[in-house]
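Structure at a glance
Single-letter residue listing:
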Amino acid sequence: MTPSNVDLAELLSREAEAHEERRQRALRRAARSALIWPEEATRLPDLTALRGVGPWIAGILEGWIEEPPEIGELPPERASFLSLAEARRVLDAHPSWRAAIRGDLQVHTTWSDGRADLGEMVATARALGHSYVGVTDHSKGLPIARGMDEETLLRELEEIDELNSKLDGFRALRSLEMNISPDGEGDMDPEVLGRLDLVLGAFHSKLRLREDQTDRYLAAIRNPTVHVLAHPRGRRYGVRTGLVADWERVAEEAAVTGTALELDCFPDRQDLDVETLTVAVEADAWISIGTDAHRPEDLRSFELGLASLALAGVRPERVLNLLPADEVVAWARG
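Read on for a plain summary of the structure.

1. Digging into the overall build of the protein chain
When you go through the protein chain residue by residue, the secondary structure sums to 13 helices and 7 strands. Taking 334 residues into account, the globule formula puts the C-alpha radius of gyration at 20 Å, and the protein chain, at 20 Å, falls close to it. Along the three orthogonal principal directions, the C-alpha set of the protein chain runs to about 60 × 45 × 40 Å. Every one of the 334 residues in the protein chain was classed for burial, and the buried ones make up 56%. As displayed, the protein chain has an accessible area near 14,700 Å², and 47% of this comes from carbon and sulfur atoms. Separation between the mean location of the 39 positive side-chain charges and that of the 60 negative ones in the protein chain comes to 3 Å.

Written out as structure tokens, the structure reads:
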């Protein structure tokens, strides 16, 4: 069978295990890049045109394409990921999703660990056809990502307000990706959080535990300052499988509290995955979509999330991003 880009990503990941240092890094980088190659590698005459592929890796890929190896079951840390090429095929069969989405609800800037400033991220999102973005820089509990304290967040809000005053037909939402503890507690003053349009809560610690973490999720969902539970499983391609929980109970509780579960479109997150997203659909929970963009080009990974919506059978009326900006804000204020 002709290998897909997901197959090639897996083969590159396995090949990396046989190498060290520079070549290992190159192979792992190519594996992650395979998830966002715009079309199937098997259809291209020159594989070096693909991101992360030089002549050495191209030669390896050509051998696999000519004589496809047996792949078998994928390891859990690399299972259930879509490639961009696959996502585009799904969306060609479900074109309404591309037209329906109004905005991106997780975007980072240089106020925390983003690589572009607020103006550049907003301009790129606007050029892509969005009418709003949630500016969700990190909070102080994540210093490795230059998380902001309350004073810094208030300064960022001033810049957002100033930018919004100059925009016509576009809105940057006053938002935050707040670090939450395993007990479901946030790390920011609730009074300051009350000034925001939208608060994403995210776990960033103890993400490799194998014990059931249902109670952790229920605590976070019941936190009244959290509107959206960001990248819920905490999985990363080739790095960790994500936390274990009773997702049916989690989704049902989210539906009761009105807390949205995020579909993070970043290529090596894709969290929620399609299987878990289907559980959320059955519970009738709200879904929020964000690219988790840290640079302008990351904003284009939205198609991975849209394809997941289509594959999971999500009802459009339960997707926050289909609402106009003012309705998203009204939803969050409940």
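Here the narrative resumes.
2. With respect to unusual backbone geometry
A cis amide bond, omega 20 degrees, links D271 with the succeeding residue L272. Mapped onto the elements of the fold, L272 is located in the loop between β6 (260-264) and α11 (274-283). In this structure, Q270 is a non-glycine residue whose phi angle is positive, near 40 degrees. Positive phi, close to 65 degrees, is recorded for D284, a residue that is not glycine. Relative to the assigned elements, D284 resides in the loop between α11 and β7 (287-290). Overall, the relative accessible area of 30% leaves D284 in the partly exposed class.

3. Some points on the sheet that holds strand β3 (residues 171-180)
Taken together, the 7 strands give an open sheet; going across it, the order is β1-β2-β3-β4-β5-β6-β7, and neighbouring strands pair in parallel fashion. Only two strands of the sheet have a single neighbouring strand rather than two, namely β1 (103-107) and β7. Note that β6 and β7 share 4 bridges and pair parallel. Paired with D264 across the two strands is G290, which belongs to β7.

4. A few points about the nonpolar core
L261 and L309 are the most contacted members of the largest nonpolar core, which has 64 residues in total. Looking at this core element by element, the count peaks at 7 residues for helix α12 (residues 302-312). Aside from chain neighbours lying at most four places away, what touches L309 is W97, L263, L277, I287, I289, V314 and V319. Among the nonpolar cores identified, the runner-up in size contains 25 residues, and L8, A9, V53 and F81 belong to it.

5. Concerning the packing of helix α4 (residues 84-93) against α12
Put simply, α4 and α12 touch, their axes get as near as 8 Å, and they point 50 degrees apart. By the angle class used here, α4 and α12 are oblique. Handedness of the α4/α12 crossing: left-handed. Each of L84, A87, R88, V90 and L91 in α4 lies in contact with α12, whose residues at this interface are E303, L304, L306, A307, A310 and L311. In terms of residue class, the contact of α4 with α12 is made up of 9 nonpolar, no polar and 2 charged.

6. Quick word on a negative patch on the surface
The grouping of D212, D215, D246, E248, E252 and E282 at the surface amounts to a negative patch. For E248, the position within the fold is in helix α10 (residues 247-257).

7. As for helix α6 (residues 118-127)
Buried residues of α6: L118, M121, V122, T124 and A125, and no others. Buried residues of α6, viewed axially, fall in a sector of 165 degrees; they line one side. Here the buried face of α6 lies against β1, β2 (132-135), α7 (150-164) and β3. For α6, the side-chain oxygen to backbone nitrogen distance between the N-cap and G119 is 3.3 Å, and the N-cap itself is D117. Downstream of α6 by a residue or two, G129 has a phi angle that is positive, lying close to 100 degrees.

Cut-offs applied
- Here, residues in each chain are numbered from 1, in the same order as that chain's written sequence.
- Reporting of local features is limited, given that this is a predicted model, to residues whose pLDDT is at least 70; pairs of side-chain atoms are given and counted only at 80 or more, and all residues count toward the totals for whole chains, interfaces and linings.
- The basis for every side-chain value is the complete set of heavy atoms in the structure, and neither hydrogens nor water enter the calculation.
- The helix and strand labels rest on DSSP assignments: H or I over at least four residues marks a helix, E over at least two residues marks a strand, and numbering proceeds from the N terminus.
- For the radius of gyration, the atom set is restricted to C-alpha positions; the globular benchmark scales as 2.2 Å times the number of residues to the power 0.38.
- The buried label goes to any residue with under 20% of its type's maximum accessible area, the exposed label to any with over 50%, and the partly exposed label to all in between, with areas taken from a 1.4 Å probe on protein chains only.
- All accessible-area figures derive from a Shrake-Rupley calculation using a 1.4 Å probe, and residue coverage is judged against the displayed protein chains alone.
- Charge convention: Lys and Arg are scored as positive, Asp and Glu as negative, and His as well as the terminal groups of each chain are ignored.
- Each charge is placed at NZ for Lys, CZ for Arg, CG for Asp and CD for Glu.
- Strand pairing is assigned whenever DSSP detects at least two bridges linking the two strands.
- In this description, a nonpolar core means a group of buried Ala, Val, Leu, Ile, Met, Phe, Trp, Tyr and Cys residues linked to one another through side-chain atoms lying within 4.5 Å.
- Should any heavy atoms of two residues lie within 4.5 Å, those residues are counted as being in contact.
- In this analysis, axes come from line fits to C-alpha atoms, helices being fitted only over the stretch in contact, and the angle between any two N-to-C directions falls in the range 0 to 180 degrees.
- Throughout this description, any angle smaller than 35 degrees is read as roughly parallel, any larger than 145 degrees as roughly antiparallel, any in the 65 to 115 degree range as roughly perpendicular, and the remainder as oblique.
- If you view the pair so one helix is near and one far, a crossing is left-handed when the near helix is turned anticlockwise from the far one by less than a right angle, and right-handed when it is turned clockwise.
- The nonpolar class holds Ala, Val, Leu, Ile, Met, Phe, Trp, Tyr, Cys and Pro. Asp, Glu, Lys and Arg form the charged class, and all remaining residues, Gly among them, are polar.
- Patch membership requires over 30% relative accessible area and the absence of a salt bridge. Like charges are linked within 9 Å, and nonpolar side chains (Val, Leu, Ile, Met, Phe, Trp, Tyr) within 5 Å.
- What makes a salt bridge here is a side-chain nitrogen of Lys or Arg within 4 Å of a carboxyl oxygen of Asp or Glu, nothing more.
- The directions considered for the arc run from the helix axis to the C-beta atoms.
- Counted as a polar contact is a pair of N or O atoms within 3.5 Å, where, for protein atoms, one must be capable of donating a hydrogen and the other of accepting one, and residues adjacent in sequence contribute only when both atoms are in side chains.

In short, shape yes, function no, at least from these values alone.
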